[in-house]
Amino acid sequence: MVRYFTRLRMRRIYKWGGRPYIFDRKLKSYGFEYLNMSVEGQEAVTTVTPGQYILIEGNDDEYPFVAKLLKFFGDESHKQKKALVQWFLRLSEVPQNKKLLLGRSPHPQEIFYYLGRACDNEINAESILGTVDVQHVPEDTPFPEPGTKDTLYVKLSWDTKAFNVLDPVLMQDTPASTPPKPALPLFPPCASPTATPVSRGPVRRALPTPDPTVMRRAGSVSDTRATMSAGKRSTLEAESIHSASKLSASKILSAKRRGSAADTPGVRKKLQLSIGASPGKKMTRADVLCELLDEEMESEKVISLKLSSSVSHSLQHGCSLSPMRSGCKTPNGQRRFPWKLSSISLDRLSPTALGEQDLSSDLLLAVIPLALEDEVFEAGLPTDAGSANTPKKRQATPRRNYVREQKATTPSRRKESAMAIRKPALGVLAEEDSEDSPMQPIALTPRSKRKSAQLVSLRIRKQLNLLDNTQELISDGDDDCFVPSKKDLQSSSDEEKTDSEEETRGRNCKTSVRTPCKTPSKKKDLQSSTDEGKTESEEETVVRKTRGRNCKTSVRTPHKKPSKKVTPSTPRHATPSIPSRTVPARQPGNILEEARARLHVSSVPESLPCREQEFQDIYNFVESKVMDGTGGCMYISGVPGTGKTATIHEVIRCLQHASDMDEIPTFRFIEINGMKMTDPHQAYVQILQKLTDQKVTADHAAALLEKRFSNPAPKKETTVLLVDELDLLWTRKQNVMYNLFDWPTRRHARLVVLTIANTMDLPERIMINRVASRLGLTRMSFQPYSFKQLQQIITSRLNKVKAFEEDALQLVSRKVAALSGDARRCLDICRRATEICEHSTSHPSSAGLVRMNHVMEALDEMFSSSYITAIRCASLQEQLFLRAVIAEFRRLGLEEATFQQVFVQHRALSRVEGLQPISVSEGLAVCQRLGACRLLLLEASRLDMLQRVRLNVSQDDVLYALKAVRD
Amino acid sequence: MSKRKVKETHMPVGECISQVQMILRERFCHQRLPEKPVGMESQHKHLLELLRRTAVHGESNSVLIVGPRGSGKTMLLNCVLRELLEVKDVNKNVLPVHLNGLLQTDDRIALKEITRQLNLENVVGDKVFGSFAENLAFLLEALKKGDRSSSRPVLFILDEFDLFAHHKNQTLLYNLLDVSQSAQAPVAVIGLTCRLDVLELLEKRVKSRFSHRQIHLLSSLSFIQYLDNVRSQLSLPQDFPDTNFYDEWNDGIKVRHFSSYPQLVDVLQRHYNSSKDFRSLHLLLMLALSRVSASKPAIKPTDLLEASRVCMVDSKANILHGLSILELCLIIAMKHLNDIYEGEPFNFQMVHNEFKKFLQRKSHSIHNFDKPVVIKAFEHLQQLELIKSMDSSTAKIQKEYQLMKLLLDHSQIMEALQKYPQCPTDVKQWAMSAFG
């Protein structure tokens, strides 16, 4: 199910200015002095010259990317427009886990000089939005008053690892501030009604242009919007940095940077882990696609007729952009307004603002049409404005299908259309029961009034019905990555859509929010959609396991339904499953139960506190290997309960997410555990089974894996292999370990092996040289948690459930940190303390905080040795026997005696105590009972009287326990 | 058997006795759970609460029940399980899996047993298909697929938990405890063991995954409570069919009957001193019960005394009573050797010399046995394990020169001699003399 937010879109026209000079003779590239930007339909021209700071279009209109322009260049034809830039980063583009490195709260207008290598500094000049003012602020001076919203401040530089003080020299070579030029939202009288394919294609990059029609419609509500947005302004700025809007900003950054560096997909910037990414890696076939689409367009009479109307054309431009925009929309309906951008462009716009338009509406429409649109959607305002903006929404499935439905001749086309068919089928399945199902809009949309459109939609539906039954559905948000083809641009007759329809559509739209494609040029969009289509099915299988988790961020309920469909398993294979319960598990009832549930080790926390550094190191290691397509080994050690496995799982989760977002290539994660196999050689079997799902014997599996990892294969993805409890894979010849570490060194293996064990020196201790050498020196050790960390772990798990006294928590964490630093232990004690607390009060509901005494009791229970209690509770003869043992030890001066010797003492002692002496058989029975409890250590009982006896407790403990009994 | 008169609920004595035997034997042989576990209320509550949370909330847990043999670990657990299964919600929702370290001696067998009891899909009839590795993978996969709220909680009950810790790599324990600490199907791992140091047996990774909950069953029963227990164990239940017999029986074991026999109290005290657990008490009472018959339809204190005598008797002294004079003489010779050489081992030749010396000097009644006959007697003693060879490699050395040790205490020998029927006085004197 795909729906597109369409938005008002300015088309910008970019023209080289000045004299071209030959920049590189070999490549035949030309340098240019400046770039003229004009908005279609308006006369004003903005000139951008190298040295200025520019805003570059990103997915997030609120925070476009910032860069300093270094150079313009292009090819002979002057059609290719490129620019060299020096990037600046906003804080939101810095990876989440590195933000803390800043060490202070960032200024809202602050940007960072980017020193990393990962971003390609060559961009498409047509993604330039305009200029911006950037000021360098020396390190110790405070930021100026944040009065002017359009000025950004740079103080520090960021080299992907740390923030450094920015060398002023870097900033000096250009004028620090370029006054914002008047923007250009003027209607060009020459707005070409017959837009050439070229202008439709590559120029699509252009920014939204206010469309007169839409603006007129929007005008009526623009006031409301303006006020609304004004009201939000304050809240917006306070918005959490976690908000998806910002995340998406960096996503776009990555997308764009990658896009501009199309030939070197490996070069990418390390970006935030939890953000979306855009597909669109390859541009190679973009041209072909464009042409194909153009041909189609010509064949579609109705649509091409519509083309002639420039108004609708530009509107549809907006439409085609919108889906991408919608992709970066937060699923939870968080509102955000591109205030900074808008205020920047306010300056630009104001001189030339259209008289008949309200200034603010103009602004919003011109610069942030999308944000507006989203707002309207989500607010569900059935206003005129809605209708003005909403035509874009209608572009969803039908249009795209329509386009895709055209039977193309090239294979890529076919693929695309196949995918297009699948998508709606999905949607239909998912929403069969709902009236809002995307199928209805297909029939209802004004677009479908056109005959051809109706025909097509009919065809689609027929196919869908077939597909419903037969097709295994691909149900993922990636569907949304499909971008409408150029056809979308041509139809414009749908403004008459009814509000109600739009709302339903809007609702549908909201459900899918993962449209991570936003690339600098339309070509790329198209390409990316096909790429996505091709890779999707493979990706699906790989990442399906982890999808569930990722889904959390996106509200895609209808999509999920089909994915739950269980593929019928072959009958000869039994499915491993535990019968499900008849009565669902009860949810925690009170605070203590809630706390207990949270404190259970199994409850996976959102993030792992106190392991940031380790996380980062592992993440970087794996990410770099995955990106480069190389292999490597890493050895991780640490005592149990220090979060080794959990951290790696967290890393993998993040990486999976990143690969879902297409920031990094897809990879496969396989986990084996030495403890979970019966024999070290089973490792082969398990790895192979997880890789290829085939079941073979260990030897055969080893051979197959060997082959797999040593031979080159096209489209091989990286495999990340986690080997937990490595020490158990030890064999005499160590061939399992040898292979595991040898495979990554193969040229074509693309295998990353992460190994976990407890001891730091395992490689030295148990591995023979050739194995240890292959493991390499990438080692990491997890230190036991300190008490502060333990406390933080508990606090973060409790997550504001107030169940513990502060002191009580501290006691637990200090105690555990002193003993082992095992987080599991710590959590278990806390859990036990809640139980004690619950039982100590008569009414479970009135149970209050867990206090010191409860914690003390739990600690006692878990840590205190039971030997002394056991001795105290032993029978009289047993106690007597223990005393006899000690007496005999003292007599002999040894810590060992035979039963016979002890028994003599025992008899003497019982005479002293005035007890009837027991027989040897009884004495042996007593001795055996003590031995069974392991208060005594005994030899095998067949030695009878000659078996040697030793104490398993210290003599002092025994005497102490016995003394207390007598007193 | 005559007809039973329903009105007076009177039954003939014989039938009453058989009823009593049945009821009490069930009790003493642990075939019927007591109404309520005695003396372990807090442990009972703790365990019940824990298992209920697993059953109802799907919370995974692990717990060890530790207590000496016969302290009622299994009884407690069974009581808790019975109580738990009486709860309606829980009844159909839990899957108990019983394992015993003495039966499932390695992980392969244990896995098959778990799979069989869970009745997973690779079980057909009573057979579990697949290899060890497959079974493990299958079980783990099954547990992994489950989740907290939807799958049925599995209660793994591991009797003789310490023996599982001796399995190779502790694979089974690791996996069970790992499941209990991760978001998989809810499980409760309940271990029963008598070893106090059981945690030291666990490998560090296994130990870390164990929740360290231990329920200790250490009875601190006083003698008065012990006596009460004896009475309650002997008394008949309220719903006994014959009321008259019921009254008579229960009167017979009242306090005054007990206290009027100081001997009986002494005997019970002795038992109490020796061990407080129920199992040894049950053994005593069982012996007493077996003396009850239609002609003697009540447990008398004398029965208990006799039973106690049987219980307390020294097993080796009994064996000595069955020896021949020659064998007894050899034992005495060994005793003297032990005295002379301070417990150093001896061989047959030494014993034979000692025996011959005795024959030459003092004996009037004992014949001079041939050496082969003496060897035969010596071997018999070895078979009875009254003497034990100290050499591990028996084959190398000639029988006569194998070093042996006596597995008898002096007191046992003297006691046996006192009771030995028609023991020649010269043998007795030889035994009592300081040196042979």
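Scoring rules and cut-offs
Residues numbered from 1 in each chain as written. Chains lettered and ligands numbered in written order. Predicted model: local features only at pLDDT ≥ 70, side-chain atom pairs only at ≥ 80, totals over all residues. Heavy atoms only, no water. UniProt positions renumbered as here; feature names shortened; annotations may be inferred. Buried < 20%, exposed > 50% of the residue type's maximum accessible area, 1.4 Å probe, protein only. Helix = DSSP H or I, 4+ residues; strand = E, 2+ residues; numbered from the N terminus. Pairing = 2+ DSSP bridges. Phe/Tyr/Trp six-rings, centres within 6.5 Å; stacked < 30°, edge-to-face > 60°. Lys NZ or Arg CZ within 6 Å of the ring centre and 35° of its normal. Contact = heavy atoms within 4.5 Å. Buried area = accessible area lost by both parts, 1.4 Å probe. Salt bridge = Lys/Arg side-chain N within 4 Å of Asp/Glu carboxyl O. Polar contact = N/O pair within 3.5 Å; in protein donor to acceptor, adjacent residues only side chain to side chain. Nonpolar A, V, L, I, M, F, W, Y, C, P; charged D, E, K, R; others polar. Core = buried A, V, L, I, M, F, W, Y, C linked by side-chain atoms within 4.5 Å.

In the nomenclature of an unreviewed UniProt entry, chain B corresponds to Origin recognition complex subunit 4 from the organism Oncorhynchus tshawytscha. Taken verbatim from the UniProt record of chain B, the Sequence similarities (unreviewed entry) comment is "Belongs to the ORC4 family." The UniProt entry for chain B carries this comment under Function (unreviewed entry): "Component of the origin recognition complex (ORC) that binds origins of replication."

Asks: Please clarify how the pairing of strand E9 (residues 110-114) of chain A should be interpreted in this entry.
Replies: On any regular strand, side chains alternate: one points to one face of the sheet, the next to the other face. All names here are of chain A. Counted residue by residue, E9 has 5 buried out of 5 residues, so it is predominantly covered. As paired strands, strand E8 (residues 81-90) and E9 are joined by 3 bridges and run antiparallel to one another. Its bridge partner being in E9, Leu-89 is matched across the sheet by Phe-112. Alignment of E9 against strand E12 (residues 151-158), held across 5 bridges, turns out to be parallel. Each bridged residue has a counterpart across the sheet, and for Glu-110 the counterpart in E12 is Tyr-153.

Asks: Got a minute to help me understand helix H25 (residues 735-742) of chain A in this structure?
Replies: Along an α-helix, residues three or four apart share an orientation, since each turn contains 3.6 residues. Here H25(A) lies mainly inside the structure; 7 of its 8 residues are buried. Within H25(A) the residues assigned to the buried category are A:Val736, A:Met737, A:Tyr738, A:Asn739, A:Leu740, A:Phe741 and A:Asp742.

Asks: Which parts of the structure should I look at to understand the packing of aromatic side chains?
Replies: The relation between two aromatic rings is expressed through the spacing of the ring centres and the mutual angle of the planes. Residue and element names in this part refer to chain A. Evaluated as defined, the whole model comprises 12 aromatic pairs over all chains. The structure contains a cluster of three or more aromatic residues connected by ring pairs, namely Tyr-684, Phe-709 and Trp-743. Above the ring of Tyr-738, the side-chain terminus of Arg-770 is found at 5.0 Å from the ring centroid. Residue placement shows Arg-814 over the ring face of Phe-787; its charged tip is 3.7 Å from the ring centre.

Asks: How should I be thinking about the interface of chain B and chain A in this particular structure?
Replies: Where interface size is given, it is often the accessible area lost as the parts come together that is meant. Contact with chain B, which involves 90 residues of that partner, is made by 74 residues of chain A. When chain B packs against chain A, the two sides together hide about 7100 Å² of surface, and 52% of this comes from carbon and sulfur. When the area that chain B buries against chain A is broken down by residue, the three leading residues are B:Leu196, B:Arg205 and B:Asn273, summing to 9%. There are 11 salt bridges connecting chain B and chain A. As a salt-bridge pair, A:Glu835 and B:Arg213 come within 2.7 Å of each other at their nearest N and O atoms. Scanning the region where chain B abuts chain A turns up 33 residue pairs in polar contact (both at pLDDT 80 or more). Here the side of chain B that touches chain A is built from residues that sort into 30 nonpolar, 29 polar and 31 charged.

Asks: It is not clear to me how the nonpolar core should be interpreted in this structure. Could you clarify?
Replies: With 75 residues, the main nonpolar core has A:Ile578, A:Phe881, A:Phe899, A:Leu936 and B:Leu118 as its most contacted residues. Each residue touching A:Phe899, except ones within four places of it in the same chain, is listed here: A:Phe881, A:Val920, A:Gly923, A:Leu924, A:Cys927, A:Asp944, A:Met945, A:Gln947 and A:Val949. Of all hydrophobic cores here, the second largest spans 36 residues; its members include B:Leu330, B:Met334, B:Trp430 and B:Ala431.

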